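Structural features, examined
Letter by letter, the chains look like this.
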Amino acid sequence: MNPYPKRKIRIETTKKTYSARYVEILEKWKKLPVWVHKEEFLKTLKENQIVLLVGETGSGKTTQIPQFVLEAKWLVGCTQPRRVAAMSVSRRVAEEMDVEIGEEVGYTVRFEDCTSSKTVLKYLTDGMLLREAMADPLLGRYKVIVLDEAHERTLATYLLFGLLKQTLVRRPDLKLVVMSATLEADKFHKYFTGVPLIKVPGRLHPVEILYTREPQRDYLEAAISTVIQIHMCEPPGDVLVFLTGEEEIEDACRRITRNLGDHVNVLPLYSTLSPAMQQKIFEPTPDQVRKVVVSTNIAETSLTIDGIVYVVDPGFSKQKLYHPDTRVESLLVSPISQASADQSAGRAGRTRPGKCFRLYAEKSFNELEKQTYAEILRSNLANTVLNLKRLGVENLLRFDLMDSPAPETLARALDDLYHLQALDDECNLTKTGEMMSEFPLDPQMAKMLIVSPQFNCSNEILSISAMLSVPNCFIRPRGEAQKAADEAKSSFAHIYGDHLTLLNVFHAFLQNNQDPDWCYENFINYRKMKSAVSVREQLVRIMLRFQIKLCSPDFNSKDYYVNIRKALLSGYFMQVAHLERTGHYLTFRDKDDQVVHLHPSNCLDHKAEWVIYNEYVFTTRNFIRTVTYIRGEWLVDVAPHYYKLANFPNSEAKRVLQRHFKKRRLSEERSC
Ligand code: ADP
Ligand code: MG
């Protein structure tokens, strides 16, 4: 067996065996700007342990640089902040090297590993490399690590910067390449003192920027009508439209197709799209047909689609936000930064001069933030702290980070982990905490799984966790089919709430032998259900590794659902809301409360007095989504250490609980 990738062998020996497709790609790829810098790059990397590389998006960094450093028996790892990018780019590179994906070239993303013992080049999410570092801090299998898309400043990439700085000292043979599009060169350079910087000039054509005169009331409407206008009035050239999420994108695609028919090929692009559909965006369309790609900001820097001449930029994207005061982390549609807007506009000038239609006034552009804030400043850090603790980082405040999180965010994270019993009084990782860090899940969910055998329902909690990890399995088309979809959903609905509804769907899917037709008839997303099954299998493996019992309560017992709901609460006891007499819900936490509304998608048959929720969403109002009815007195049973109530603000909920406590004390005294 020769571990060399085929490309090297073929290039070095005969060219007769090249497939036509291979030759076609070869021609194109040799023209990418990074090729001009190949020798300089390799020389610099030979002489230095770390190299920074900055290049315009589309210059070939992600696909070429890892190939430049390939050698037999070495493993090269290239991180991507987004799973779609890791999957799509690795497929492309496998094609360039004329090998099967998963063999010499592969990818690893959360819950999916497409690599083998032959793999010499692996694309993986930055989160996955962090997990690997937890298992092996020296990252012994790697010879070169490429941290790509550094400008995205994701949490995991930041943590990897800090960790790798330490690892490199202990592994003089390990090389690190940091790559970025619009690098804030000063900042990175300061962080990596004395590290050589290679710049790859792009070959961008000019892009004319057009603003609207007035701010737009509805950016989705504006985006759709702009596409129609481009198609009517502008010469040939493909269009890239940025929108914020799956539903919005699918909606826009339908409406553009309805308006323009066969003259356009409208393609969606977002993170949960199937790989086959992802690949479609790269296929050329026939002459006379205009390609319109409607994408999240993933097409801003991570993926380059050739042939784009027009960009439509509404100026919004979904961004993670965290408020340490209320401890709410949520995805919120927010204005993008100037840097993002400029990056997006650049996508129009790859092949020839282009146009970018900004759906906002020039004045609004000037008011945008210059740069997007680093993720570490916008996140709940409980998971991060757990991971760092696991990696043996003792003093988190002294860990070498490029931007330091707000002290209150860090304090909140420690607090949450303490309540989840992942940390002890001295802030050391407990046995439970150690186990929790092994699950690729939120600390709350990991905790829920670990304690679920106490409620005799780990099997059910595994299924619910798997379903929560693959969100939104219900298909809800707009228009006529909507009613049928809602009816189908209601046949799974459990009156106690959404978690149990998800469990019903999961069970029904298995009972129907995982049949795609059954999914279609019931408006259930087949692919997501298959993922849930696979996620569940992986979680089972982790459970077995820790010898956590797999068990189910007796289905005919009246306590079947009580047990499951108590187990849910044992992880999510900090995410509880109480129905006030005024008719609205208030979240119930130590230190503060918030008015929230049940998300319209909920399945409860009445407004229950107490609910737990899985997620907080802001749209027009504060919603809690995926809710289940629980009983107030369980709070004391399940999380007595948290519900001491002294720290809780005075509220109706607190008074209700105090009464529960009193009743319980009295009955305990009586029985003594
Ligand atoms: P960079 O990382 O510098 O932004 P890339 O290496 O991602 O650049 O892209 C280089 C070229 O490869 C681009 O022209 C892009 O369109 C092409 N490319 C990347 N992925 C695919 C794919 N899956 N199919 C076809 N072309 C692709
Ligand atoms: Mg790239």
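Residues numbered from 1 in each chain as written. Chains lettered and ligands numbered in written order. Predicted model: local features only at pLDDT ≥ 70, side-chain atom pairs only at ≥ 80, totals over all residues. Heavy atoms only, no water.

1. Quick look at the site of ligand 1
For clarity, the threshold we go by: We define proximity as follows: a residue is near a molecule or strand when any one of its heavy atoms falls within 4 Å of that partner. Throughout this description, a polar contact denotes any pair of N or O atoms lying within 3.5 Å of each other; where both atoms belong to protein, one of them has to be capable of donating a hydrogen while the other can accept it, and for residues adjacent in sequence the pair is counted only when both atoms sit in side chains. Each accessible area value is a Shrake-Rupley result obtained with a 1.4 Å probe; residue values ignore everything except the protein chains displayed when judging cover. Every definition here rests on a 1 Å grid over the protein atoms only: cavities are sets of points where a 1.4 Å probe fits but cannot get out, pockets are open sets enclosed by protein on both sides within 12 Å along at least five of seven lines, and lining residues have some atom within 4 Å of a point. Pocket occupancy is defined atom-wise: a molecule lies in a cavity or pocket when more than half of its atoms are within 2 Å of its grid points. Only DSSP runs of H or I covering at least 4 residues are called helices, and only runs of E covering at least 2 are called strands; the numbering of each starts at the N terminus. Throughout, the ten residues Ala, Val, Leu, Ile, Met, Phe, Trp, Tyr, Cys and Pro are labelled nonpolar, Asp, Glu, Lys and Arg are labelled charged, and all others, Gly among them, are labelled polar.
In the neighbourhood of ligand 1, 16 residues make up the surrounding shell, with Gly-58, Lys-61, Thr-62, Thr-63 and Thr-304 lying closest. In the environment of ligand 1, an oxygen atom lies 2.6 Å from a nitrogen or oxygen atom belonging to the backbone of Gly-58. Arg-350 places a polar side-chain atom, nitrogen or oxygen, 3.0 Å from an oxygen atom of ligand 1. Contact with the protein chains hides 96% of the accessible area of ligand 1, taken as 560 Å² for the molecule alone. When each cavity is represented as a set of grid points, ligand 1 is found to reside in the second largest pocket. Mapped onto the shell around ligand 1, the elements with two or more residues apiece are α4 (61–68) and α5 (83–96). Per-element accounting of the shell around ligand 1 gives the leading share, three residues, to α4. Taken together, the residues that form the shell around ligand 1 break down as two nonpolar, nine polar and five charged.

2. Let's talk about the UniProt feature "domain: Helicase C-terminal" (unreviewed entry) in the protein chain
Just so we agree on the cut-off: UniProt positions are given in the numbering used here, feature names are shortened, and annotations may be inferred rather than shown by experiment.
The positions that UniProt labels "domain: Helicase C-terminal" (unreviewed entry) are, in the present scheme, residues 226–392. Note that residues 226–392 is 34% helix and 26% strand, and that its end C-alpha atoms are spaced 53 Å apart.

3. Some words on the side chain of Asp-403
Relative to the assigned elements, Asp-403 resides in the loop between α15 (382–390) and α16 (407–419). At 3.5 Å, the side chain of Asp-403 forms a polar contact with the side chain of Arg-153. There is a polar contact of 2.4 Å between the side chain of Asp-403 and the side chain of Tyr-158.

4. Here we look at the sheet that holds strand β13 (residues 308–313)
Quick reminder of the rule: DSSP calls a pair of strands paired once it identifies at least 2 bridges connecting them. Axes, fitted as lines to C-alpha atoms, cover a helix only where it is in contact. Angles between the N-to-C directions of the axes lie from 0 to 180 degrees. In this analysis, two residues are considered to be in contact whenever any of their non-hydrogen atoms come within 4.5 Å of each other.
Strand order in the open sheet made by the six strands is β9-β16-β13-β10-β12-β11, with parallel pairing throughout. Two strands bound the open sheet, and with one partner strand each, they are β9 (207–211) and β11 (264–269). For this sheet, the mean angle separating the axes of adjacent strands, direction not counted, is 20 degrees. Bridge count between strand β10 (residues 238–242) and β13: four bridges; the pairing is parallel. Pairing of Asp-238 across the sheet is with Ile-308, part of β13. Lying over the sheet, helix α9 (residues 219–233) contacts β10, β11, β12 (290–295), β13 and β16 (354–358), oriented at roughly 155 degrees with respect to β13. Lying on the sheet, helix α13 (residues 338–346) is in contact with β9, β10, β13 and β16; it crosses β16 at an angle near 145 degrees.

5. Quick look at empty space enclosed by the protein
The method is simple in principle: a probe with the dimensions of a water molecule rolls over the atoms, and the space it marks as empty is what remains. Put simply, the test is: Grid points are joined across faces, edges and corners, and a volume is the space filled by probe spheres set on the points.
Considering all chains together, one arrives at three cavities of 30 Å³ or more under this definition. When its volume is computed, the second largest cavity comes out at roughly 60 Å³. Phe-242, Leu-243, Asn-297, Glu-300, Asp-313, Gly-315, Phe-316, Ser-317, Ile-336 and Ser-344 together form the lining of the second largest cavity. The residue makeup of the lining of the second largest cavity, split by class, is four nonpolar, four polar and two charged.

6. Things to note about the side chain of Lys-566
Put simply, the rule is: Any residue under 20% of the maximum accessible area for its type is buried, any over 50% is exposed, and the rest in between are partly exposed; the area is computed with a 1.4 Å probe on protein chains only. In this tally, Lys and Arg are treated as positive and Asp and Glu as negative; His is ignored, and so are the chain termini. Every case where a carboxyl oxygen of Asp or Glu lies within 4 Å of a side-chain nitrogen of Lys or Arg is listed as a salt bridge.
Inspection of the secondary structure puts Lys-566 in helix α24 (residues 560–572). Summary of buried charges: Lys-566 has no salt-bridge partner, and the nearest side chain of opposite charge, Asp-637, is 4.1 Å away. Setting aside anything within four residues of it in sequence, one finds Lys-566 in contact with Phe-455, Trp-634, Asp-637 and Val-638.

7. Section: unusual backbone geometry
The backbone of Asp-98 shows a phi angle near 60 degrees, a positive value even though the residue is not glycine. Checked against the element boundaries, Asp-98 lands in the loop between α5 and β3 (105–109). Not every positive phi belongs to a glycine, and Leu-139 is a case in point at roughly 50 degrees. Looking at the secondary structure, you find Leu-139 in the loop between α6 (126–135) and β6 (142–147). By relative accessible area, Leu-139 is classed as buried at 3%.

8. Quick notes on the nonpolar core
How we decide: Residue types Ala, Val, Leu, Ile, Met, Phe, Trp, Tyr and Cys, when buried and joined through side-chain atoms within 4.5 Å, form a set referred to as a nonpolar core.
Core analysis: the largest hydrophobic core is formed by 119 residues, its most contacted members being Phe-161, Phe-439 and Tyr-643. Of the residues forming this core, the biggest block, nine residues, is contributed by helix α7 (residues 155–170). Sequence-distant contacts of Phe-161, that is, excluding residues within four places in its chain, are made with Leu-147, Ala-150, Val-178, Phe-188, Tyr-191, Phe-192 and Met-402. Counting residues in hydrophobic clusters, the runner-up holds 53 residues, among them Val-76, Phe-242, Ile-298 and Ala-299.

9. Observations regarding the environment of Ser-340
Positionally, Ser-340 belongs in helix α13. The class of Ser-340 is buried, set by a relative accessible area of 10%. A sequence separation of 39 residues divides Ser-340 from Thr-301, and the C-alpha atoms of the two residues are 9.1 Å apart. If we ignore the near neighbours within four places in the chain, the residues touching Ser-340 are Glu-300 and Thr-372.

10. Remarks on the sheet that holds strand β19 (residues 595–598)
In space, the five strands of this closed barrel follow the order β17-β18-β19-β21-β20, with mixed pairing throughout. Across this sheet, the average inter-strand angle for adjacent strands is 50 degrees, counted without regard to direction. Where strand β20 (residues 610–618) lies against strand β21 (residues 622–630), eight bridges are found, and the strand directions are antiparallel. Its bridge partner being in β21, Glu-615 is matched across the sheet by Arg-625.

11. Side note on the packing of helix α19 (residues 458–469) against α24
Short version of the rule: Oblique is the label for any angle not covered by the other classes, which are roughly parallel (under 35 degrees), roughly antiparallel (over 145) and roughly perpendicular (65 to 115). Less than a right angle of anticlockwise turn of the near helix away from the far helix marks a crossing as left-handed, whereas a clockwise turn marks it as right-handed.
Contact geometry of α19 with α24 gives a least axis separation of 10 Å together with a crossing angle of 55 degrees. Between α19 and α24, the angle is such that the two are oblique. Where α19 crosses over α24, the two elements pack in a sense that is right-handed. In this structure, α19 uses Glu-460, Ile-461 and Ile-464 to contact α24, whose residues at the interface are Tyr-560, Ile-564, Ala-567 and Leu-568. When its residues are assigned to classes, the contact of α19 with α24 shows six nonpolar, no polar and one charged.

12. Focus: the layout of surface pockets
What counts is decided by this rule: Bear in mind that the domain bounds are from an automatic or database domain assignment.
Estimated volume of the second largest pocket: approximately 1000 Å³. Counting residues per element, the ones that place at least two in the lining of the second largest pocket are α2 (20–29), α4 and α5. In terms of residue class, the lining of the second largest pocket is made up of nine nonpolar, 18 polar and 16 charged. Two domains each provide a minimum of three residues to the lining of the second largest pocket, namely domain 1 (20–200) and domain 2 (207–376).

13. Focus: the pattern of salt bridges
It is possible for side chains bearing opposite charge to pair when their charged atoms get close. Per the stated rule, a full pass over the model turns up 27 salt bridges. Notably, a salt bridge pairs Asp-403 with Arg-153, separated by 3.5 Å at the nearest N-O pair. Remark: Arg-153 occurs in the loop between β6 and α7 and Asp-403 occurs in the loop between α15 and α16; sequence separation between them is 250 residues. Residue Asp-403 shares its accessibility class with Arg-153, and that shared class is buried. With a closest N to O distance of 2.8 Å, Lys-320 and Glu-375 form a salt bridge. One end of the pair, Lys-320, is in strand β14 (residues 316–323); the other, Glu-375, is in the loop between α14 (362–367) and α15, and 55 residues separate them in sequence. The exposure class of Lys-320 is partly exposed, given its relative accessible area of 22%. Within the structure, one salt-bridge network assembled from shared partners comprises Arg-153, Lys-187 and Asp-403.

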